[in-house]
Amino acid sequence: MHPTAMNNCKAFFDSYSASIGVNDVVVVEIGSQDVNGSLRSVCPESYKYIGVDFCEAKGVDIVLTDPYSLPFENESVDVFVSSSCFEHSEFFWLVFLEVMRCLKPQGLFYLNAPSSGSFHRYPVDCWRFYPDSGRALVNWAKRNGINACELESYTQLSGSWQDYVAVFLKDEVRSESHPGRILHHKTDFENGQIFRRDEIFNLATQTQNERKLNAIVGILNETLIVK
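The text that follows walks through the structure, step by step, so that each part is easy to find. (Residues numbered from 1 in each chain as written. Predicted model: local features only at pLDDT ≥ 70, side-chain atom pairs only at ≥ 80, totals over all residues. Heavy atoms only, no water.)

### Some words on the overall build of the protein
- Scanning the protein from N- to C-terminus turns up four helices and eight strands.
- If you list the helices and strands of the protein from N to C, you get α-β-β-β-β-α-β-α-β-β-β-α.
- Taken over the C-alpha atoms alone, the protein extends approximately 70 × 40 × 35 Å along its principal axes.
- Scored against the burial criterion, the 227 residues of the protein give a buried share of 48%.
- For the protein, contacts bridging at least 24 residues in sequence account for 65% of all contacts bridging at least 6. (Helix = DSSP H or I, 4+ residues; strand = E, 2+ residues; numbered from the N terminus. Buried < 20%, exposed > 50% of the residue type's maximum accessible area, 1.4 Å probe, protein only. Contact = heavy atoms within 4.5 Å.)

Pasting the structure below:
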């Protein structure tokens, strides 16, 4: 678990726990194997935390036999969280529908997936996520009869993975039940979006890697000119 992944999930719980509640809250992590840390450590202690993954390992409470079928009843989970997992799912949009099925109407899904980073198979590495990825997932949910919305999303500045973070709500009618936003306090991000706000906060059209490369090229060009 890289540091920005842990910090962003902590910011999620800090921003939303007041509206999630305290008692009888069920949190499910998809891809919960503890590799150099776990999101479980930033979850409020009063919540019931369930980790699911594809193998028996530290941090895994339930081993999945089918990656596209979650072993939970309809509308039985308050919060799903997933970090550094969706890029390894061949059909992550199917997992998203399963998350929506299991969430309560006011339930939240916190997603963190890389927008950059090296090729890394666990056991496959298929996808990277850009600023409109979350809105595409919302449109996919609506095509399947689910009135979901994306409460907010952004791309983390710095870090090799440049995390794409999005927070989804099962039923957009319940959006006023969750007034808190990570972006109300966060500053180190780009391409931030908030539900029912048209603007993109800290708009960046070039990727962070492009900007770094252009900066290096600029330095090299200046060095050659000086010589």
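### A closer look at the pairing of strand E6 (residues 149–156)
- Of all eight residues in E6, eight are buried; the element is thus mostly enclosed.
- Note that E6 and strand E7 (residues 163–169) share six bridges and pair antiparallel. Bridging from a neighbouring strand, Glu150 pairs with Phe168 of E7.
- Summarising the sheet, E6 and strand E8 (residues 189–194) pair through four bridges and their orientation is antiparallel. Considered in E8, the bridge of Glu152 is made with Ile194. (Pairing = 2+ DSSP bridges.)

### Re the layout of surface pockets
- Space inside the largest pocket adds up to approximately 790 Å³.
- What lines the largest pocket is a set of 31 residues, and nearest its centre among them are Ser83, Ser84, Cys85, His88 and Tyr122.
- Residues that form the lining of the largest pocket fall into these classes: 16 nonpolar, 11 polar and four charged.
- Empty space within the second largest pocket amounts to approximately 210 Å³.
- Lining of the second largest pocket is provided by 14 residues; of these, Ser115, Tyr130, Glu190, Thr207 and Gln208 occupy positions nearest its centre.
- Elements with a contribution of two residues or more to the lining of the second largest pocket: E8 and helix H4 (208–226).
- A class-by-class count of the residues in the lining of the second largest pocket yields three nonpolar, 10 polar and one charged. (1 Å grid on protein atoms, 1.4 Å probe; cavity = no way out; pocket = protein on both sides within 12 Å on 5 of 7 lines; lining within 4 Å. Points joined across faces, edges and corners; volume = space filled by probe spheres on them. Nonpolar A, V, L, I, M, F, W, Y, C, P; charged D, E, K, R; others polar.)

### Digging into the nonpolar core
- Residues Phe72, Phe80, Val99, Met100, Phe109 and Phe168 are the most contacted members of the largest nonpolar core, which totals 32 residues.
- For this core, the secondary-structure elements that each account for two or more residues are strand E1 (26–30), strand E2 (48–53), strand E4 (77–83), helix H2 (92–102), strand E5 (103–114), helix H3 (133–143) and E7.
- Among the elements that take part in this core, H2 stands out by supplying seven residues, more than any other.
- In this view, Phe80 contacts Val28, Ile30, Leu70, Phe72, Val99, Cys102, Leu103, Leu108, Phe109 and Tyr110; residues no more than four positions away in its chain are not counted.
- One finds Tyr16, Ile20, Val42 and Ile182 within the second-largest nonpolar core, a separate group that totals 28 residues. (Core = buried A, V, L, I, M, F, W, Y, C linked by side-chain atoms within 4.5 Å.)

### As for the state of the cysteines
- Per the stated rule, a full pass over the model turns up zero disulfides.
- Free of any disulfide, Cys9 has its nearest cysteine sulfur in Cys43, 7.8 Å distant.
- On the basis of relative accessibility, which here comes to 0%, the residue Cys9 falls in the buried class.
- The structure places no disulfide on Cys55, whose sulfur is separated from the nearest cysteine sulfur, that of Cys85, by 11 Å. (Disulfide = S-S within 2.5 Å.)

Honestly, it's all geometry; don't read function into it.
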